[in-house]
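Commentary on secondary and tertiary structure
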Amino acid sequence: MKQSKILNIDPHFSESSYIINRDLFENFDPVAMSQKSLCPFDPKNGRFEIMVLGESYFVLHPSGLVLNAREEEFDNYSVKIFILRYLMNANGKEATNEWISFKEFPDGPIYYSNFHKRCIQVFAQIGNERPEQLKHYMSLQKAKTYGKGDLSWQFTVTPGVDLIWILWFGDDEFEAEAQILFDKKLTDVFNIKDLAILGDVLMISLKTFTLSLDSKKN
């Protein structure tokens, strides 16, 4: 049996980074953040509700504490930091529908090799080894087929953040390949480190989903 080439992905963004962003978050106006991010804010409870890849999260203001749908603490710091960074930096601009790669962001070429290894390569291998599971995942994300490569979709990570995933299957001679494209408006929302965090959020979600399906088969 051929050995899987899917790399292990673990959150590499720390609790300390989360605390730093919580400290920044308390200085932002919640009403303005809600308007620019399209994420509802309840002033009575002092909290945002935000959907990320089909999962609900709550963010308390001004503390910046991020809770899961059960209003509990959890240890995925990548998704916590991504949520805070998006709420603080969303600018309310309309999508451009002009799609660019990681390399086309400022400083993208410098960090591309790491992003390729941790995100693009992992996505390619999951899609190549488990295409039906990938299709199931994209169906749950309410993704729209995009018509490129062997498989491709356009989907929403969180309100205002849309991506395109493209997969080309590999064979005995060539490795599977993939591409991830971002709406150009996100160059005004995320810096290159934020995109790296988003890459972890994506791959942790996809791997968790596919592994849960594997466990149900066993």
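Below is a summary of the structure that appears in this document. (Residues numbered from 1 in each chain as written. Predicted model: local features only at pLDDT ≥ 70, side-chain atom pairs only at ≥ 80, totals over all residues. Heavy atoms only, no water.)

1. Brief notes about the sheet that holds strand β7 (residues 151-158)
What the 5 strands build is an open sheet, ordered β5-β9-β8-β7-β6; its pairing is antiparallel. Each edge of the open sheet carries a strand with a single partner, namely β5 (99-101) and β6 (144-145). The pairing of β7 with strand β8 (residues 161-168) spans 7 bridges and is classified as antiparallel. Bridge assignment links serine 152 to a residue of β8, and that residue is isoleucine 166. (Pairing = 2+ DSSP bridges. Helix = DSSP H or I, 4+ residues; strand = E, 2+ residues; numbered from the N terminus.)

2. Notes on the environment of valine 189
Along the polypeptide, valine 189 turns up in the loop between β9 (177-183) and α6 (192-217). Along the backbone, valine 189 and glutamate 98 are 91 residues apart, and their C-alpha atoms lie at a distance of 15 Å. If near-sequence neighbours (up to four positions away) are discounted, valine 189 is found in contact with Tyr86, Asn89, Ala90, Asn91 and Asp194. (Contact = heavy atoms within 4.5 Å.)

3. Remarks on the packing of aromatic side chains
For the coordinates displayed, the defined rule picks out 14 aromatic pairs. Ring geometry for phenylalanine 102 versus phenylalanine 115: centroids 4.1 Å apart, planes at 10 degrees, classification stacked. Linking phenylalanine 102 in the loop between β5 and α4 (108-129) with phenylalanine 115 in helix α4, this pair joins segments that are 13 residues apart in sequence. The exposure class assigned to phenylalanine 115 is buried, which follows from its relative accessible area of 4%. Measuring from ring centre to ring centre gives 5.4 Å for tyrosine 137 and phenylalanine 209, while their planes differ by 55 degrees; the resulting arrangement is tilted. One end of the pair, tyrosine 137, is in helix α5 (residues 131-140); the other, phenylalanine 209, is in helix α6, and 72 residues separate them in sequence. On the basis of relative accessibility, which here comes to 3%, the residue tyrosine 137 falls in the buried class. Here the aromatic cluster, defined as three or more aromatic residues joined through ring pairs, consists of Phe102, Phe105, Tyr112, Phe115 and Phe182. The ring centre of phenylalanine 58 lies 3.9 Å from the NZ or CZ of arginine 47, which sits over that ring. The ring of tyrosine 112 carries the charged tip of lysine 103 above its face, separated from the ring centre by 4.5 Å. (Phe/Tyr/Trp six-rings, centres within 6.5 Å; stacked < 30°, edge-to-face > 60°. Buried < 20%, exposed > 50% of the residue type's maximum accessible area, 1.4 Å probe, protein only. Lys NZ or Arg CZ within 6 Å of the ring centre and 35° of its normal.)

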